Amino acid sequence: MADDYYQVLGLSRGASSEEIQKAYRKLARKYHPDLHEDAEPREKKRAKEQFQQVQQAYDVLSDAEKRKMYDQFGPDFERMSGGNPFQGGDNPFGGGGGGPEIDISQLFGGGGMEDILRQMGGGMGGRGGNPFGGRQPGGPPSQPQAVEQEITVPFSVAVQGGQHQVSFQRRNGKVDNITVKIPQGIESGKKIRLRGQGQSSGPGGPRGDLLIVVKVASHPSFTRHALNLSVTVPISVMEAINGAKIDLPTPHGTVALSVPPGTSSGKSLRLKGMGVRKDDGKKGDLIATLQIHLPSEISDSDRELMSKLDGEWAEVKTRSEIVW
């Protein structure tokens, strides 16, 4: 019985093109013959067979028309659709009926099967494709390329998630306003792929993908370090002396922050789980650094009152611990 191509790649039948590509790259890296040169003959042979199975499964499932035929007729779809011109030993690129061999550097360097087929001029036996390079006159337009557009989102949107409007101008001059879903916890520099929202390959041709490069704006109070957030919290002299409970805004609502009695400036309090939260359940902390705030103007009576304080107040003994 022929292998189930979905099972070969470890996927369900509803897998997306991106999931197929990701599974293929992972398995191709695992079983590529170049990585098993020093293995035992039996293990080397097994890895080669598995690599060929993975490659054959990808060749079918990555092609929309072949995948449709496979889903409808199963592994025998090629015979029902007129046969595979490269079945058996007639593949001009070598390797039998399993498709072109792939250099290991392409697997680790970012070049996938789609790039190889595109370089060959539309793929082997594809619509209007020439397997010996180039595109036949009168053939369909080349595969559309993904385009990038940078956006800047507010700090709060990047932390909490939300939506952002993108204005994208197409080749015909039309400007489309596209709503982008921003996942919570996204970091500056990350990309969001919008499939089929980019430029078309030509008049009437399919659209490529639009890659949104996310930049995160700064915040006037909060800073981010991985999943942790930091904020400086001003407190009064009396709050530092006596201790207090103060309200502190966070991405997850206002919390009551307990200031211990006898707090000095620079003391940090950690609020567990109140930092950045990701969709996968990971949570960061919120680090609140306390800073004693003095009024800009101090009256003579206040100065006189402070001057009466002695003992520990008259001298900061911990300064003697500073050495060079």
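These figures come from a predicted structure and were not determined experimentally.

A. Spatial organisation of the overall build of the protein chain. What the protein chain contains, in helices and strands, is ten helices and eleven strands. Sorting the 324 residues of the protein chain into buried and exposed places 32% on the buried side. Counting only contacts in the protein chain whose residues sit at least 6 apart along the sequence, the fraction spanning at least 24 positions is 52%. Of the roughly 20,500 Å² of accessible surface on the protein chain, 49% is carried by carbon and sulfur atoms.

B. Local environment of the confidence of the model for the protein chain. Here the protein chain averages 76 in pLDDT, and 71% of its residues register 70 or above. The lowest-confidence element of the protein chain is helix α6 (residues 104-109), averaging 42 in pLDDT; the highest-confidence one is strand β10 (residues 268-271), averaging 95. Within the model, pLDDT remains below 50 along residues 82-139, and this stretch shows 88 contacts once partners closer than five positions in the same chain are excluded.

C. Expanded view of the nonpolar core. Core analysis: the largest hydrophobic core is formed by 20 residues, its most contacted members being Leu248, Leu257 and Leu286. Element by element, the count of residues in this core is highest for strand β7 (residues 228-235), at four residues. Membership of the second largest hydrophobic core comes to 19 residues, among which are Ala23, Tyr31, Leu61 and Tyr70.

D. A look at unusual backbone geometry. Despite not being glycine, Ala226 shows a phi value in the positive range, around 60 degrees. Within the secondary structure, Ala226 sits in the loop between β6 (222-225) and β7. Overall, the relative accessible area of 55% leaves Ala226 in the exposed class.

E. The sheet that holds strand β11 (residues 286-292), seen in detail. A sheet is described by the order of its strands in space; here four strands give the open sequence β6-β7-β11-β10, paired in mixed fashion. Pairing within the sheet leaves two strands with one partner each, and these edge strands are β6 and β10. Put simply, the sheet's adjacent strands are angled 25 degrees from each other on average, direction ignored. Taken together, the four bridges between β6 and β7 define a ladder with antiparallel strand orientation. Across the sheet, Phe222 pairs through a bridge with Val231, a residue of β7.

F. The arrangement of the sheet that holds strand β4 (residues 191-194) in detail. Pairing is mixed across the open sheet formed by three strands, whose spatial order is β1-β5-β4. The open sheet is flanked by β1 (147-153) and β4, the only strands paired with a single partner. Between one strand and the next, the sheet's axes are offset by a mean angle of 30 degrees, whatever the strand orientation. As paired elements, β1 and strand β5 (residues 210-216) share seven bridges and run parallel to each other. Looking across to β5, one finds that Val153 is bridged to Val216.

G. Structural context of the packing of aromatic side chains. One pass over the structure, following the stated rule, counts three aromatic pairs. With a centroid separation of 4.7 Å and an interplanar angle of 20 degrees, the aromatic rings of Tyr5 and Tyr70 are classed as stacked. A residue pair is termed long-range when its members are at least 10 positions apart, and Tyr5 in helix α1 (residues 5-8) and Tyr70 in helix α4 (residues 64-73) qualify at 65 residues. Geometrically, the ring pair formed by Tyr24 and Tyr58 is stacked, given 4.0 Å between the ring centres and 20 degrees between the ring planes. Taken as a pair, Tyr24 in helix α2 (residues 17-31) and Tyr58 in helix α3 (residues 41-61) lie far apart in primary sequence, 34 residues in all. For Tyr24, a relative accessible area of 0% corresponds to the buried category. Judged by relative accessible area, which is 1%, Tyr58 ranks as buried.

H. Summary view of α3. Here α3 spans 30 Å end to end across 21 residues, near enough to the 30 Å set by a 1.5 Å rise per residue. Restricting attention to buried positions, one finds in α3 the residues Ala47, Gln50, Phe51, Val54, Gln55, Ala57, Tyr58, Asp59, Val60 and Leu61.

I. Structural context of the packing of α2 against α3. Where α2 contacts α3, the axes come no closer than 9 Å and their chain directions differ by 165 degrees. With respect to their mutual orientation, α2 and α3 come out roughly antiparallel. The interaxial crossing formed by α2 with α3 has left-handed handedness. Here α2 contributes Ile20, Gln21, Tyr24, Leu27, Ala28 and Tyr31 to the contact with α3, which in turn contributes Ala47, Gln50, Phe51, Val54, Gln55, Tyr58 and Leu61.

J. Here's a closer look at a positive patch on the surface. Together, Lys22, Lys26, Lys30 and Arg46 make up a positively charged patch on the protein surface. Here the element with the most residues in the positive patch is α2; it accounts for three residues. Residue position: Arg46 is located in helix α3.

Cut-offs applied
- Residues numbered from 1 in each chain as written.
- Predicted model: local features only at pLDDT ≥ 70, side-chain atom pairs only at ≥ 80, totals over all residues.
- Heavy atoms only, no water.
- Helix = DSSP H or I, 4+ residues; strand = E, 2+ residues; numbered from the N terminus.
- Buried < 20%, exposed > 50% of the residue type's maximum accessible area, 1.4 Å probe, protein only.
- Contact = heavy atoms within 4.5 Å.
- Areas by Shrake-Rupley, 256 points an atom, 1.4 Å probe, with all protein chains shown as cover.
- pLDDT = per-residue confidence, 0-100.
- Core = buried A, V, L, I, M, F, W, Y, C linked by side-chain atoms within 4.5 Å.
- Pairing = 2+ DSSP bridges.
- Axes fitted to C-alpha atoms, helices over the stretch in contact; angles between N-to-C directions.
- Phe/Tyr/Trp six-rings, centres within 6.5 Å; stacked < 30°, edge-to-face > 60°.
- Expected span 1.5 Å × (residues − 1).
- Parallel < 35°, antiparallel > 145°, perpendicular 65-115°, else oblique.
- Left-handed = near helix turned anticlockwise from the far one by under 90°.
- Patch = residues over 30% accessible without salt bridge, like charges linked within 9 Å, V, L, I, M, F, W, Y side chains within 5 Å.
- Salt bridge = Lys/Arg side-chain N within 4 Å of Asp/Glu carboxyl O.
- Lys, Arg positive; Asp, Glu negative; His and termini not counted.
- Charge placed at Lys NZ, Arg CZ, Asp CG, Glu CD.

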